[in-house]
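Chain residues, written in single-letter form:
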Amino acid sequence: MIAVRGFNIMAKRYRRRAKAEVRIDDDGLFLMGGQVLRTASWLIAALTAAAALAFFMGARPRAAGNCSDSIEFKVAYDPATGIIAVEARFRCETGSAAFGSALTQAERPWAPPPAGYFRDVRATDESGSPLEVRAENGGWTVQSGSGILRYAVDPTSLRAVSSSGDAGGARYNPFLYPATSDDYAFIPASSILLLPRTGKDALEDCRMTLRFEPPEDWEVIEPHGGDEIGGKEALSEVLIAAERPVKTERAGGIALIVAQPPGADPANLAAADEFAARLSSYLDAAAASWNRSAPRGGRLTLFLGPLEDASPGDALAAAPGPPGMLSPCVLIPVRGRENILSRDFLLRSLISSLRAVLGSMELAPDALWFREGAAAYSGLRIAGSLGLMSEEETYDRLAALYVAYLEALRESGESIASAGEAWTQEGAAGLLAAGGTAAAATLDARLSQRGLSLDAFIDRLLGGTAEDSLDSERLLRELGSFSGEDYGLFFRDHIFGTSALPASGFSALKVKSEEDAPAEPPLPSFTEGHKWIYMVITAAVVFSVPFLLEPYTLRPRRGSEKTVDESGDDEDEGEL
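Not measured: the values here are computed from a predicted model.

Novice: What is the right way to look at helix α9 (residues 391–412) in this model?
Specialist: Residues that lie three or four places apart on an α-helix share one face, since the helix turns once every 3.6 residues. Its 22 residues give α9 an end-to-end C-alpha distance of 31 Å, which sits within 8% of 32 Å, the value for a rise of 1.5 Å per residue. Those residues of α9 not exposed but buried are E393, T394, Y395, R397, L398, L401, Y402, Y405, A408 and L409. Positive backbone phi, at 70°, marks G413, one or two positions downstream of α9.

Okay, here's the thing in structure tokens:
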């Protein structure tokens with residue numbers, strides 16, 4: 001079991017730093033001068049017999065690295081090189097400790113890091129003497145039960161893999177991997193932790209300490225410090241620091257922190273307060289609709305990172321977040337001199353924020369469509385209702401997403417639920433974003449027929465704690481209990497199956513939006529006591545007609561008898 005003691009940002013540096021000679025050969029990476037665990041022959045025989053007995057009895061032997069005391073991580077970032085240095089102090093029950101990436105040890109393993117991402121892995125004991133480290137089974141094994149593991153994380157390897165096309169379509173997005181520059185660092189903890197391989201079940205009980213040490217003149221934005229966190233919580237933490245950031249805080253239904261590094265566009269730095277105010281108003285509307293449900297920690301942190309090479313794409317086509325709980329810290333890429341007060345940027349920020357709020361629900365992969373779709377649909381609806389865009393444009397964007405969903409469904413041949421299993425792939429991401437939005441909109445239209453709403457259903461889910469994980473089967477049960485209607489066929493055909501969602505759901509939304517927001521104000525009703533107003537208007541029109549038409553109706557045509565005016569003068573009428 002791993003014991004963790006929470007974040008401590010202002011920790012002192014370790015006094016001992018080992019300098020070990022590194023040798024790489026065909027068998028992997030070794031540290032010269034390491035201490036080798038020597039075992040007597042009788043002990044080897046006993047262990048072999050025990051392992052054989054466990055195998056035949058179906059028992060699972062204790063995994064290497066079953067830690068009973070504590071693991072303390074210290075993380076440092078060097079903006080000059082872009083390298084993240086990590087130290088992990090460990091003590092384990094067994095004679096050796098096997099470590100692997102946290103991304104591959106989660107209950108639902110995520111996309112593994114590329115080759116070269118973790119490098120310079122070495123270890124020493126408490127006195128500074130090198131320990132032998134073997135690279136094996138996709139990780140590293142330290143030939144000791146306690147010591148200090150040191151390694152470097154190189155984010156530049158992500159860009160190298162992406163540019164070479166070797167990623168196989170995988171998205172190395174900021175939910176999992178670092179986004180760094182010479183004046184800020186946005187580092188998801190899951191991307192940098194090498195954890196003892198204690199088994200996926202044991203990760204739930206893990207406890208660990210994370211200490212973040214950026215350059216001395218930088219300000220730490222997250223974490224704020226805190227209590228102990230578990231292994232699963234650690235996978236959702238984010239380390240954020242910047243050199244002289246511009247930071248704005250807003251209180252409301254969802255407390256909001258907006259931060260930008262000094263390298264941001266000066267116009268955007270000046271607009272930080274207005275951006276936070278406008279986004280807060282949108283989030284307050286969502287909080288009211290969802291019974292003022294807040295993300296984990298009670299606040300939401302948005303970091304606006306000016307990534308010159310960022311390609312955030314369309315406002316509704318952002319890369320999906322991973323299954324499970326999302327961090328309440330969100331990186332919003334700013335492209336070039338993009339205006340953060342523009343409608344598209346506000347919409348993208350709103351949808352990303354709502355996704356983080358919904359991220360407090362622990363999702364299974366086959367339910368990932370619900371979080372992605374509900375965030376996009378709710379963001380569009382809120383933007384339309386609060387004037388960020390017209391109701392007509394809101395519907396047009398929904399219709400465009402429906403078309404994108406049909407195309408993604410035809411190209412992939414996968415169901416919306418199965419797309420969650422391959423969420424890192426670009427094709428699956430498109431199906432999750434567009435298909436999830438179409439499904440959420442259709443469900444809202446169908447619930448409205450019973451006087452219910454998707455907002456009320458989301459509020460129910462956010463407040464539920466009966467089960468640990470939310471999968472599509474549980475969604476189906478919760479939806480039936482909430483609405484009193486059987487959605488079994490809907491899920492069978494359109495969520496688990498590949499039958500396209502009907503467009504009638506969007507037609508119902510169109511009619512509903514026209515009823516709720518008519519283009520012209522209605523005329524007063526006779527039943528409201530305004531009948532006399534119509535009578536006065538009608539009488540005025542009727543009596544005014546003769547006077548308006550008098551020159552044409554009272555003057556005779558050519559050839560008619562002469563008329564005599566009051567003065568007695570004769571007048572001939574000319575031809576009209």
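Novice: Please explain the environment of L239 as it appears in this structure.
Specialist: Structurally, the position occupied by L239 is in strand β18 (residues 238–242). Sequence separation between L239 and A185 is 54 residues; the distance between their C-alpha atoms is 7.6 Å.

Novice: Explanation requested: the sheet that holds strand β19 (residues 246–250) in the structure shown.
Specialist: Pairing between sheet strands relies on hydrogen bonds along the backbone, with the strands arranged either parallel or antiparallel. Read across the sheet, four strands follow the order β19-β20-β21-β22 without closing on themselves; strand pairing throughout is mixed. In this open sheet, the two edge strands, each paired with only one partner strand, are β19 and β22 (329–333). Looking at each pair of strands side by side, their axes are set apart by 20° on average, direction ignored. Bridge count for strand β21 (residues 299–305) against β22 is five bridges, and the pairing is parallel.

Novice: I tried to follow the sheet that holds strand β9 (residues 133–136) on my own but got confused; where do I start?
Specialist: The four strands are arranged β9-β10-β6-β14 in an open sheet whose pairing can be described as antiparallel. Two strands bound the open sheet, and with one partner strand each, they are β9 and β14 (194–196). Taken pair by pair, the neighbouring strands of this sheet meet at an average axis angle of 30°, ignoring direction. Inspection of the sheet shows strand β6 (residues 97–101) paired to β14 by three bridges, in the antiparallel sense. Paired with F99 across the strands is P196, a residue of β14.

Novice: Before we go on, may I ask you to explain the pairing of β21 in this structure?
Specialist: Residues in a regular strand project their side chains so that they alternate between the two faces of the sheet. Burial of β21 is extensive: six of the seven residues sit out of reach of the surface. In the sheet, strand β20 (residues 255–260) pairs with β21 via five bridges, with the strands oriented parallel. In the sheet register, L256 faces β21, and the bridge partner there is L300.

Novice: Explanation requested: the packing of helix α6 (residues 272–289) against helix α7 (residues 343–358) in the structure shown.
Specialist: Relative orientation and spacing of two packed helices are given, respectively, by the angle between their axes and the distance between those axes. Where α6 contacts α7, the two axes come as close as 10 Å, and the packing angle between them is 45°. Considering the angle they form, α6 stands oblique to α7. The crossing of α6 and α7 is right-handed. Counted together, F275, R278, L279, Y282, L283 and A286 of α6 and F345, L346, S349, L350, S353 and L354 of α7 form the full contact between these two elements. The residue makeup of the contact of α6 with α7, split by class, is nine nonpolar, two polar and one charged.

Novice: What is the right way to read the pattern of salt bridges from this model?
Specialist: Oppositely charged side chains can pair when the atoms bearing their charge come close. Under the defined criterion, the tally for this structure stands at 22 salt bridges. For R89, the salt bridge goes to E126, with nearest N and O atoms at 2.6 Å. A residue pair is termed long-range when its members are at least 10 positions apart, and R89 in strand β5 (residues 83–91) and E126 in the loop between β7 (118–124) and β8 (130–131) qualify at 37 residues. Look at E126 and you get partly exposed, because its relative accessible area is 32%. It is possible to trace a salt-bridge network through shared partners that takes in R343, D344, E393 and R397.

Novice: Is there a simple way to explain the nonpolar core in this structure?
Specialist: For soluble globular proteins, the rule of thumb is that nonpolar side chains tend to be buried together. Core analysis: the largest hydrophobic core is formed by 121 residues, its most contacted members being F73, L149, I192, L193 and W369. With sequence-adjacent residues up to four places away left out, L193 is seen in contact with F73, G100, S101, A102, Y151, M208, L210 and A234.

Novice: Explain the environment of L368 to me, please; I cannot follow it from the model alone.
Specialist: Mapped onto the secondary structure, L368 falls in helix α8 (residues 368–385). On the basis of relative accessibility, which here comes to 0%, the residue L368 falls in the buried class. Once the C-alpha coordinates of L368 and S418 are considered, the two residues, 50 residues apart in sequence, prove to be 9.4 Å apart.

Novice: I would appreciate a short explanation of the pairing of strand β11 (residues 146–153) in the present structure.
Specialist: Counting buried residues along β11, seven of its eight residues qualify, which places the element largely inside the surrounding structure. Note that β5 and β11 share eight bridges and pair antiparallel. Paired with A88 across the two strands is L149, which belongs to β11. Taken together, the five bridges between β7 and β11 define a ladder with antiparallel strand orientation. Opposite R119, over in β11, you have A152 as the bridge partner.

Novice: Help me out: how do you make sense of unusual backbone geometry in this one?
Specialist: Trans peptide bonds make up most of the peptide bonds, and negative phi angles are found at most residues other than glycine. In the segment running from E222 into P223, the intervening peptide bond is cis, with an omega of 0°. Mapped onto the secondary structure, P223 falls in the loop between β16 (219–222) and β17 (229–230). The residue N137 is not glycine, and still its phi comes out positive at about 55°. Position of N137 among the secondary structure elements: in the loop between β9 and β10 (139–142). At R244, a position not held by glycine, the phi torsion is positive, near 50°.

Novice: Would you explain the packing of aromatic side chains in this entry?
Specialist: Geometrically, a pair of aromatic rings is defined through the distance of the ring centres and the angle of the planes. Counted under the stated rule, the structure contains 16 aromatic pairs. Residues Y117 and Y177 carry aromatic rings whose centres are separated by 5.5 Å and whose planes lie at 85° to one another, so their mutual orientation is edge-to-face. Here Y117 is found in the loop between β6 and β7, whereas its partner Y177 is found in the loop between α2 (156–164) and β12 (179–180), with 60 residues between them in sequence. Pairing W369 with F491 gives two aromatic rings, centres 6.1 Å apart and planes at 70°, and the pair type is edge-to-face. Here the residue W369 occupies a position in helix α8, and F491 occupies one in helix α14 (residues 488–495), the gap between them amounting to 122 residues. Of the two residues, W369 and F491, neither departs from the other in class, the shared state being buried. Taken together, W369, F370, F457, F482, Y487, F490, F491 and F496 form an aromatic cluster joined through their ring pairs.

Novice: What am I meant to see in α8 here?
Specialist: Taking 1.5 Å of rise per residue, the 18 residues of α8 would be expected to cover 26 Å, and the 26 Å separating its terminal C-alpha atoms lies within 8% of that figure. By the criterion of burial, α8 is predominantly enclosed, with 16 of the 18 residues buried. Positive phi appears at G387, one or two residues downstream of α8, with a value of about 90°.

Conventions and cut-offs
Residues numbered from 1 in each chain as written. Predicted model: local features only at pLDDT ≥ 70, side-chain atom pairs only at ≥ 80, totals over all residues. Heavy atoms only, no water. Helix = DSSP H or I, 4+ residues; strand = E, 2+ residues; numbered from the N terminus. Expected span 1.5 Å × (residues − 1). Buried < 20%, exposed > 50% of the residue type's maximum accessible area, 1.4 Å probe, protein only. Pairing = 2+ DSSP bridges. Axes fitted to C-alpha atoms, helices over the stretch in contact; angles between N-to-C directions. Parallel < 35°, antiparallel > 145°, perpendicular 65-115°, else oblique. Left-handed = near helix turned anticlockwise from the far one by under 90°. Contact = heavy atoms within 4.5 Å. Nonpolar A, V, L, I, M, F, W, Y, C, P; charged D, E, K, R; others polar. Salt bridge = Lys/Arg side-chain N within 4 Å of Asp/Glu carboxyl O. Core = buried A, V, L, I, M, F, W, Y, C linked by side-chain atoms within 4.5 Å. Phe/Tyr/Trp six-rings, centres within 6.5 Å; stacked < 30°, edge-to-face > 60°.

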